[in-house]
Amino acid sequence: MRKKWAVMGLAASTLLAFPLSAFAAAEVTTAEISTGLNTFFVFLAFALVLFMQAGFALLEAGSVRMKNAGHVAGKTILTLGIALIAFWAFGFGLGFGNGNGFFGYEGFFLSGEGMMGSFDALSGLGIPISMMFLFHLAFAAVSLSIAFGGFAERAKLSVYIIFGILFTVIIYPIIAHWVWGGGWLGAMEMQDYAGSTVVHLTGATAGLAATLMLKPRLGKYNKDGKPNIIPGHNQIYSVVGVFILWFGWMGFNPGSALSTLNDGFFTYVALTTNLAAAAGGVAALLISWVVFGKADIPSMLNGVLAALVAITGSCAFVDVWAAIVIGLVAGIVTFFTSQWFEKAGIDDPIYAFSVHGIAGMWGAVSTGFFATPELVEKTGVGSPGLFYGGGFHQLGVQLLGMIGTFIFVLVISLLILWIMKSINGIRVTEEEEMMGLDISEHGSYGYPEQMRALGEDARK
């Protein structure tokens, strides 16, 4: 009873503090309500994608050795800081500012809504430009985190900083402009709803360049070239990291609808996204069971992520059955390509290129096969796929965009890393790599007690 009277008293106090006349005077239009709801929806999507950085921290820290775990996890915060400042200063303008077919040249150093006129590609969305900046910032930060997977356990901290700035200012924004910012691939109506190409293939290709330039980790290969397994130190961290990434993907794909009012279309995107992820994880686990004779958990985790990567670009264009096929193929292909790259001498500790690169390529071309006429009409982008009577046109556009992105990012990344390697080197010394990057780069271990105990055992 007391609780009931307390609630009634609070309600009465609210009415006295804000008289009905005040509510009547502040009339809100339907357009204002729509803008407010959509802006809040995009803010939630931004928060989910931003939270994916926690997933990357756990996934990568769990996938490397204990002596490097603190370095890898802490680097995630550095990644976010670099991305935010560099993208605000230059990247957002180059990516989405008014310009030509290759890059934007307006909108640098974003200062607020007064600069909306510099962003024609985003002006018709009815969402504040500051909110769109934050949304696309989160995507850029994810792409950079993917790229840094190829640096793991052997790159200098200074390389992360310099390459991270250049990636966020030059590489990622140019690809984003090509597809989403009014560039030449957007003019050709390339279908990449939430970034299989723009975010994932771009980041993975930069990571591949780093993997090639840094060379394998010490002890990864024998003299005969046979690879040794270097297991991560905490599989549970990796599992939780993948779950957080899966959760955050609900901001990635459904959030790219940018609206709650478009017939609830974001719920359909969420459906295709989750079906693909499930299919990829199950398929990868089963194929590992067949090949290894045991059900391999890391393979299942990679299968989930690969499926999410593949469906990211196609989630709004394909039917639910096709989403399952796309996820299933991504999980299986990623399993085999990760084995092949390792045997070929490419030491990719996080399997970034297999999970985000190869699966990103598959995601890019998948709409060229599976895009339905109804969903193409709804999204207003491109043409139906080959299997729906659209011929080879859309498939050709998707292939062109995928190949063009891969070549551009690989060449520019290799050039940047080659210059950095020539000036001051990009890899830590053998001694520093042996002791671990936690202590050599930061002066302390992520697991100080455990590493101290290991050191004492080694001296006995």
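Being a predicted model, the structure only gives us computed values, none of them experimental. (Residues numbered from 1 in each chain as written. Predicted model: local features only at pLDDT ≥ 70, side-chain atom pairs only at ≥ 80, totals over all residues. Heavy atoms only, no water.)

Regarding the overall build of the protein chain
- Counting its secondary structure elements, the protein chain contains 19 helices and 0 strands.
- The C-alpha extent of the protein chain, read off along each of the three principal axes, is 80 × 65 × 45 Å.
- Looking at the protein chain as a whole, 51% of its 460 residues are labelled buried.
- Contacts in the protein chain between residues far apart in sequence, at least 24 positions, make up 74% of those at least 6 positions apart.
- Between the centroid of the 21 positive side chains of the protein chain and the centroid of its 27 negative side chains there is a distance of 13 Å. (Helix = DSSP H or I, 4+ residues; strand = E, 2+ residues; numbered from the N terminus. Buried < 20%, exposed > 50% of the residue type's maximum accessible area, 1.4 Å probe, protein only. Contact = heavy atoms within 4.5 Å. Lys, Arg positive; Asp, Glu negative; His and termini not counted. Charge placed at Lys NZ, Arg CZ, Asp CG, Glu CD.)

Things to note about empty space enclosed by the protein
- Counted under the stated rule, the structure contains 1 cavity of 30 Å³ or more.
- When its volume is computed, the largest cavity comes out at roughly 80 Å³.
- Together, Phe56, Leu59, Glu60, Ser145, Ile146, Gly149, Asn302, Leu305, Ile350, Ala352, Val355 and His356 line the largest cavity.
- At the level of elements, helix H3 (30–63), helix H6 (129–148), helix H12 (297–314) and helix H14 (352–370) are the ones that each hand at least two residues to the lining of the largest cavity.
- Looking at the lining of the largest cavity, its residues break down into 7 nonpolar, 4 polar and 1 charged. (1 Å grid on protein atoms, 1.4 Å probe; cavity = no way out; pocket = protein on both sides within 12 Å on 5 of 7 lines; lining within 4 Å. Points joined across faces, edges and corners; volume = space filled by probe spheres on them. Nonpolar A, V, L, I, M, F, W, Y, C, P; charged D, E, K, R; others polar.)

A short note on the packing of aromatic side chains
- Inspection of every chain in the model, using the stated rule, returns 37 aromatic pairs.
- Seen in terms of ring centroids, Phe87 and Phe92 are 5.8 Å apart; in terms of plane orientation they differ by 55°. Their pairing is tilted. For the pair Phe87 and Phe92, a shared accessibility class is recorded, and that class is buried.
- When the centroid spacing of 5.4 Å and the interplanar angle of 75° are considered together, the rings of Phe92 and Phe133 count as edge-to-face. Pair noted here: Phe92 is in helix H4 (residues 69–96) and Phe133 is in helix H6, with a separation of 41 residues, a long-range link. The same class applies to Phe92 and to Phe133, which are both buried.
- In this structure an aromatic cluster arises from ring pairing among Phe87, Phe92, Phe96, Phe119, Phe133, Phe148, Phe151, Tyr160, Phe163, Phe167 and Tyr172. (Phe/Tyr/Trp six-rings, centres within 6.5 Å; stacked < 30°, edge-to-face > 60°.)

So, the confidence of the model for the protein chain
- Per-residue confidence for the protein chain gives a mean pLDDT of 91, with 92% of residues at or over 70.
- Note that residues 14–25 has pLDDT below 50 and, in this model, 2 contacts with residues that lie over four places away or in other chains. (pLDDT = per-residue confidence, 0-100.)

Section: H6
- Between its first and last C-alpha atoms H6 spans 28 Å; for 20 residues at 1.5 Å apiece the expected length is 28 Å, and the two agree.
- With 18 of 20 residues buried, H6 is to be regarded as a mostly interior element. (Expected span 1.5 Å × (residues − 1).)

Quick notes on the environment of Thr29
- Here Thr29 is to be found in the loop between helix H2 (20–25) and H3.
- For the pair formed by Thr29 and Val269, sequence separation is 240 residues and the distance between their alpha carbons is 29 Å.

A look at the packing of H6 against helix H9 (residues 196–214)
- Running from N to C, H6 and H9 cross one another at 30°; their axes reach a closest spacing of 7 Å. Put simply, H6 runs roughly parallel to H9. Where H6 crosses over H9, the two elements pack in a sense that is right-handed. Contact residues: Phe139, Val142, Ser143, Ile146 and Ala147 in H6; Val198, Val199, His200, Thr202, Gly203, Ala204, Ala206 and Gly207 in H9.
- Among the residues forming the contact of H6 with H9, the class breakdown is 8 nonpolar, 5 polar and no charged. (Axes fitted to C-alpha atoms, helices over the stretch in contact; angles between N-to-C directions. Parallel < 35°, antiparallel > 145°, perpendicular 65-115°, else oblique. Left-handed = near helix turned anticlockwise from the far one by under 90°.)

Observations regarding the pattern of salt bridges
- Scanning all chains against the criterion turns up 7 salt bridges.
- A salt bridge links Asp263 to Lys378, with the nearest nitrogen and oxygen atoms 3.5 Å apart. Highlighted residues: Asp263 in the loop between helix H10 (235–252) and helix H11 (265–292) and Lys378 in helix H15 (residues 373–379), separated in sequence by 115 residues.
- According to the relative accessible area criterion, Lys378 is partly exposed, its value standing at 36%.
- A salt bridge links Glu433 to Arg427, with the shortest nitrogen-to-oxygen separation between them at 2.8 Å.
- You can call Glu433 buried: its relative accessible area is 3%.
- By relative accessible area, which is 22% here, Arg427 ends up partly exposed.
- Residues joined by salt bridges that share partners form a network here, namely Arg65, Glu153, Arg217 and Asp347. (Salt bridge = Lys/Arg side-chain N within 4 Å of Asp/Glu carboxyl O.)

Quick look at the nonpolar core
- Formed by 110 residues in total, the largest nonpolar core has its most connected members in Phe92, Phe151, Phe163, Tyr172 and Phe252.
- Looking at this core, the element that brings in the most residues is H6, giving 15 residues.
- Apart from residues lying up to four places away in sequence, Tyr172 is in contact with Phe87, Phe139, Ala140, Ser143, Phe167, Trp180, Val198, Val199 and Thr202. (Core = buried A, V, L, I, M, F, W, Y, C linked by side-chain atoms within 4.5 Å.)

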